[in-house]
There are 2 protein chains.
Amino acid sequence: MATLSDVARRAGVSPATASRVINGSSKPVTEDLRERVLRAVAELQYVPNAHAQLLARSHRMAVGVIVHDVSDPYFAEITRGLQRVATDQGRLLTICNSYRDPDRELEYVELLRGQQVAAIILAGSGYHDATFTRLLNEKLAAYEATGGRVAVIGRHEHSGDAVMPDNRAGGRLIGAELYELGHRAIGVVAGPAVLTTTTDRLTGLRESLAAHGLSLPEHRVRHAEFDRDGGVAATAALLDADPGLTAIVALNDSMAIGALALLRSRSVPVPRQVSVMGFDDMPIARDVTPALTTVRLPLVEMGARAMSLALDPGAAAPRVEVLPAEVVRRDSTGPAPEVVPVRPRAAGSGASAG
Amino acid sequence: MATLSDVARRAGVSPATASRVINGSSKPVTEDLRERVLRAVAELQYVPNAHAQLLARSHRMAVGVIVHDVSDPYFAEITRGLQRVATDQGRLLTICNSYRDPDRELEYVELLRGQQVAAIILAGSGYHDATFTRLLNEKLAAYEATGGRVAVIGRHEHSGDAVMPDNRAGGRLIGAELYELGHRAIGVVAGPAVLTTTTDRLTGLRESLAAHGLSLPEHRVRHAEFDRDGGVAATAALLDADPGLTAIVALNDSMAIGALALLRSRSVPVPRQVSVMGFDDMPIARDVTPALTTVRLPLVEMGARAMSLALDPGAAAPRVEVLPAEVVRRDSTGPAPEVVPVRPRAAGSGASAG
DNA sequence: AGACCTCAGGCAAGCGCTTTCCTGGGCAGC
DNA sequence: GCTGCCCAGGAAAGCGCTTGCCTGAGGTCT
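Worth saying up front: this structure is predicted, and the values here are computed from it rather than measured.

## Re helix H8 (residues 167–180) of chain A
Turn by turn, an α-helix covers 3.6 residues, leaving residues three or four places apart pointing in a common direction. With 14 residues, H8(A) ought to run about 20 Å at 1.5 Å a step, and its terminal C-alpha atoms sit 20 Å apart, in line with that. The complete set of buried residues in H8(A) reads A:Asn167, A:Ala169, A:Gly170, A:Gly171, A:Leu173, A:Ile174, A:Gly175, A:Glu177 and A:Leu178.

Below, the structure is given as structure tokens:
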């Protein structure tokens, strides 16, 4: 591997001059020398050692991101937003998948700290786990104490800058929507109970149902993995225990897709017999059949905002931006069977604010 | 930021000893000192500077991966395979998205080289572009000359180790399948013509149709972006020009989903009036309606194999592993209308090897 | 009891780069 | 013609870590 000294030697200059030419330093270099250096670079196919540069330079350019899983569309969208702002500001992104393992999340905080990133962004639900939360906050505090910046997406446990999707309001919207359609027997396909996202959404749903004097008994809430197969399993359990359900709420779209798959396999007509609502509005939601009614979260925007917060030197007080959720009506919901709906519905699949 | 010297000073030992304790060096350290060092580490929340370590150490642990877009399920699956093998061998993965921009791909090769990665893996279609190919090969050769390892997935332009999905054979399978079902008026929803993946699959399809005396006129092949919206656009163009088509082949599943969406919006029954076949077998293919008949590629396996090749010091001769494609029959294909099918089909949605 | 061996621990030389500070040559000014 | 200034280029000091080599204390063998 060619080094800067090799280049300098070949060009007949000092490493200092070579460095200045290569980095376009403000210090002027004679045209003649500049050319010789550039020729040497080309001839040797020289590429600077990024680690040596980082070690020698003072300022850090990279930003670290910890998500549950980038290949999950929810995080893919958020990452798109993060990426956009980062690229605009000439920052490099290091993306880490925790695969919903809190320990791995802690490890990644250390790893990113070791990589000297300028900021760390934590995306995705927090955990109901006091020990973990304390440990995480300690590590983040240590990082911030040495000048690192931290921003979180959708986690209340951290006291710094945050972008918060309004999960609870989204849950309320679902309750209102289904109540209005006449649904009274509602089952919930929920993600792991240990995730705050799950409980927030559930709390909102409960609140709006309670406002109408309805409660959500425990046996009508089934927890499973936050993915398609979890949705299949939870829906099956729900239906087996309670065949009379007229609506199923999945606490994210992946689970909703699983729910639809199970209902189809059992030949349950959606929405004629059972309505299904999801959460997140991932891109695929419009392409399943029936197209999924869901609660939209501005995922790309959330990523963009979080990155802006992280890169902006920042006010003294922590900034918290709450982004609203809205209902997107498509074809997977309809009036509860045997009940006159409160409000007539169009058959189309257009979206509208909730 | 605490440094190793800080730790050493606080523990009352030399940096050398501290380093040995922290890295679990083979050199023995007295229990007493070891404890003091570890305590100092904890108290200072010390995390080693990864760049300094990489600079000081000789061996490289990270592996670089360049894909078109990880959030595309095709690459997400491949990445899963890469990740698995990398993790097993204690390697860290740096993932770069080129977003199908050849220039960005070149930049990333340099970037990864600068990061001193042990290997670079290029996943995703190559380009029909001689200049780019030459440039890329030059850069890769320079990297390999300094001990770097390179493996590619699905690119013939590189002469080293490679994992090749059998795109051409897959194309042939599609042709055979549709011919057998009686389809004679077939349209193709294709990705960008500049991608070798597109042309390979198309070539295979043409070959099998030619074997039956059929040709594929240019106006029945529409090129667009390799995603859902590209599928919508190309299918619309296809149908407008030729309403009598009985089958549509999409050269990947994302486009196929777009095709299904467009057909639904025009109320064209699938597969009764038009059959649709995809390519890749992404996970979502089974959850759209009708479930998508497609050609399965062992994506995870491809990633795993590529990583194995890249990490295995390697034979002198380049190793090329060709992985087979197989048809997965689901519900989006059926006999051509007005034609008695060559072979009767079951109504179920089970998958079976082709 | 003396010579020798063993082994824990420290010294210091890098890894490849950036950047401050210094040097020495060329020029203008007096 | 001499002093002083300006400026391009170089020397060298790190950045934070690893590791080969050396040292000196303790133990062993005769």
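From this point, the discussion proceeds with the structure in view.
## Overview of the protein's contact with DNA strand D
Taken together, 26 residues lie around DNA strand D, and A:Lys27, A:Thr30, B:Leu4, B:Ser19 and B:Tyr46 are the ones closest in. Each atom of DNA strand D within 4 Å of the protein was classed as base or backbone; sugar and phosphate made up 64%. A distance of 2.3 Å separates a phosphate oxygen of DNA strand D from a polar atom in the side chain of B:Tyr46. Taking B:Ala52, its main chain carries an N or O atom lying 3.4 Å from a base nitrogen of DNA strand D. Counting residues per element, the ones that place at least two in the surface near DNA strand D are helix H2 (15–22) and helix H4 (50–56) of chain A together with helix H2 (15–22) and helix H4 (50–56) of chain B. Classifying every residue of the surface near DNA strand D gives 13 nonpolar, eight polar and five charged.

## Quick notes on the pairing of strand E6 (residues 186–190) of chain A
All names here are of chain A. Counting buried positions along E6 gives five out of five residues, so the element sits mostly inside the fold. Residues Ile 186, Val 188 and Ala 190 line one face of E6 and the alternating positions Gly 187 and Val 189 line the opposite face, and both faces are buried. With four bridges connecting them, E6 and strand E8 (residues 247–250) associate as parallel partners. Pairing of Val 188 across the sheet is with Val 249, part of E8. Bridging between E6 and strand E7 (residues 221–223) involves three bridges; their strand directions are parallel. When the sheet's bridge partners are listed, Val 189 is paired in E7 with Arg 222. Once the chain exits E6 it traverses helix H9 (residues 196–211) before rejoining the sheet at E7, and the crossover so formed is right-handed.

## Focus on the protein's contact with DNA strand C
Within the structure, DNA strand C sits among 26 residues, and A:Leu4, A:Tyr46, B:Lys27, B:Pro28 and B:Thr30 are positioned closest to it. When the atoms of DNA strand C within 4 Å of the protein are sorted by group, sugar and phosphate make up 65%. Within the side chain of A:Ser19, an N or O atom sits 2.6 Å from a phosphate oxygen of DNA strand C. For the surface near DNA strand C, the per-class residue count stands at 13 nonpolar, eight polar and five charged.

## Regarding the environment of A:Pro318
Residues and elements named next belong to chain A. Structurally, Pro 318 can be placed in the loop between helix H12 (299–311) and strand E11 (320–323). For the pair formed by Pro 318 and Ala 261, sequence separation is 57 residues and the distance between their alpha carbons is 43 Å. When near neighbours in sequence (up to four residues on either side) are disregarded, Pro 318 contacts Ser 159, Gly 160 and Asp 161.

## Description of the relation of the copies chain B and chain A
Expressed as a screw operation, the relation of chain B to chain A combines 0.1 Å of axial shift with a rotation of 180°, fitting to an RMSD of 0.1 Å. Given the turn and translation reported, the copies of this chain are related as if by a two-fold rotation axis. In this assembly the copies share their binding face: 100% of the residues contributing to the interface of chain B also contribute to that of chain A.

## Brief notes about the packing of helix H1 (residues 4–11) of chain B against helix H3 (residues 31–44) of chain B
To describe two helices that pack against each other, one gives the angle between their axes and the distance between the axes. Residue and element names in this part refer to chain B. It is at 8 Å that the axes of H1 and H3 come closest, and there the two elements cross at 125°. Judged by the angle between their axes, H1 and H3 are oblique. The chirality of how H1 crosses H3 is right-handed. For the pair formed by H1 and H3, the contact residues are Asp 6, Val 7, Arg 10 and Ala 11 on the first element and Arg 36, Val 37, Ala 40, Val 41, Glu 43 and Leu 44 on the second. Here the contact of H1 with H3 is composed, by residue class, of six nonpolar, no polar and four charged.

## With respect to the nonpolar core
A:Ile121 and B:Ile121 are the most contacted members of the largest nonpolar core, which has 181 residues in total. Leaving out residues up to four positions away in the same chain, A:Ile121 has contacts with A:Val63, A:Gly64, A:Val65, A:Ile66, A:Leu82, A:Ala151, A:Ile153, A:Ala306, A:Met307 and A:Ala310. Core analysis: the next-biggest nonpolar cluster, separate from the first, contains twelve residues, A:Ala8, A:Val37, A:Val41 and A:Tyr46 among them.

## Considerations on the interface of chain B and chain A
Opposite the 37 residues of chain B that make contact, chain A presents 37 residues. In terms of surface lost to chain A, no three residues of chain B exceed B:Met1, B:His51 and B:Asp287, which account for 18% of the buried area on that side. The interface formed by chain B and chain A contains four salt bridges. The residue B:Arg228 makes a salt bridge to A:Asp287 at a minimum N-O spacing of 2.6 Å. Remark: the boundary between chain B and chain A carries twelve residue pairs in polar contact (both at pLDDT 80 or more). Elements represented by at least two residues in the side of chain B that touches chain A include exactly H4, helix H5 (73–88), strand E2 (92–97), helix H6 (102–114), helix H7 (130–145), helix H10 (228–241) and helix H11 (253–265) of chain B. Residue contributions to the side of chain B that touches chain A peak at five residues, all from H4(B). Looking at the side of chain B that touches chain A residue by residue, the classes come out as 16 nonpolar, eleven polar and ten charged.

## Re the sheet that holds E11(A)
Residue and element names in this part refer to chain A. The six strands are arranged E2-E1-E3-E4-E5-E11 in an open sheet whose pairing can be described as parallel. Each edge of the open sheet is held by one strand with a lone partner, namely strand E2 (92–97) and E11. The average angle at which neighbouring strand axes cross in this sheet is 15°, direction not considered. Relative to E2, strand E1 (residues 62–67) runs parallel, the two sharing six bridges. When the bridges of E2 are listed, Val 67 appears paired with Asn 97.

## Quick notes on the domain arrangement of chain A
Assigned domains of chain A: these are domain 1 (4–56), domain 2 (62–165 + 300–326) and domain 3 (167–295). Computed over C-alpha atoms only, the centres of domain 1 of chain A and domain 2 of chain A are separated by 36 Å.

## Things to note about the side chain of A:Thr293
Residues and elements named next belong to chain A. For Thr 293, the location among the structural elements is in the loop between strand E9 (275–277) and strand E10 (294–296). Owing to a relative accessible area of 0%, Thr 293 belongs among the buried residues under this scheme. A distance of 2.9 Å separates the side chain of Thr 293 from the backbone nitrogen of Arg 330, its partner in a polar contact. Looking at Thr 293, its side chain comes within polar contact range of the side chain of Thr 333, at 2.8 Å. In this structure Thr 293 touches Val 276, Met 277, Gly 278, Val 328, Arg 329, Arg 330, Asp 331, Ser 332 and Thr 333, once residues within four positions along its chain are discounted.

## What to know about the sheet that holds strand E7 (residues 221–223) of chain B
All names here are of chain B. The four strands lie next to each other as E7-E6-E8-E9, forming an open sheet whose pairing is parallel. Only two strands of the sheet have a single neighbouring strand rather than two, namely E7 and strand E9 (275–277). Recorded for the sheet is a direction-independent mean angle of 15° between the axes of neighbouring strands. Across the sheet, H11 touches strand E6 (186–190), strand E8 (247–250) and E9, and the angle it forms with E9 is around 160°.

Definitions and cut-offs
- Residues numbered from 1 in each chain as written.
- Chains lettered and ligands numbered in written order.
- Predicted model: local features only at pLDDT ≥ 70, side-chain atom pairs only at ≥ 80, totals over all residues.
- Heavy atoms only, no water.
- Helix = DSSP H or I, 4+ residues; strand = E, 2+ residues; numbered from the N terminus.
- Expected span 1.5 Å × (residues − 1).
- Buried < 20%, exposed > 50% of the residue type's maximum accessible area, 1.4 Å probe, protein only.
- Near = heavy atom within 4 Å.
- Polar contact = N/O pair within 3.5 Å; in protein donor to acceptor, adjacent residues only side chain to side chain.
- Nonpolar A, V, L, I, M, F, W, Y, C, P; charged D, E, K, R; others polar.
- Pairing = 2+ DSSP bridges.
- Right-handed = clockwise from strand over helix to strand, strands pointing away.
- Contact = heavy atoms within 4.5 Å.
- Least-squares fit on C-alpha atoms with pLDDT ≥ 70 in both.
- Axes fitted to C-alpha atoms, helices over the stretch in contact; angles between N-to-C directions.
- Parallel < 35°, antiparallel > 145°, perpendicular 65-115°, else oblique.
- Left-handed = near helix turned anticlockwise from the far one by under 90°.
- Core = buried A, V, L, I, M, F, W, Y, C linked by side-chain atoms within 4.5 Å.
- Buried area = accessible area lost by both parts, 1.4 Å probe.
- Salt bridge = Lys/Arg side-chain N within 4 Å of Asp/Glu carboxyl O.
- Domains from an automatic or database assignment.

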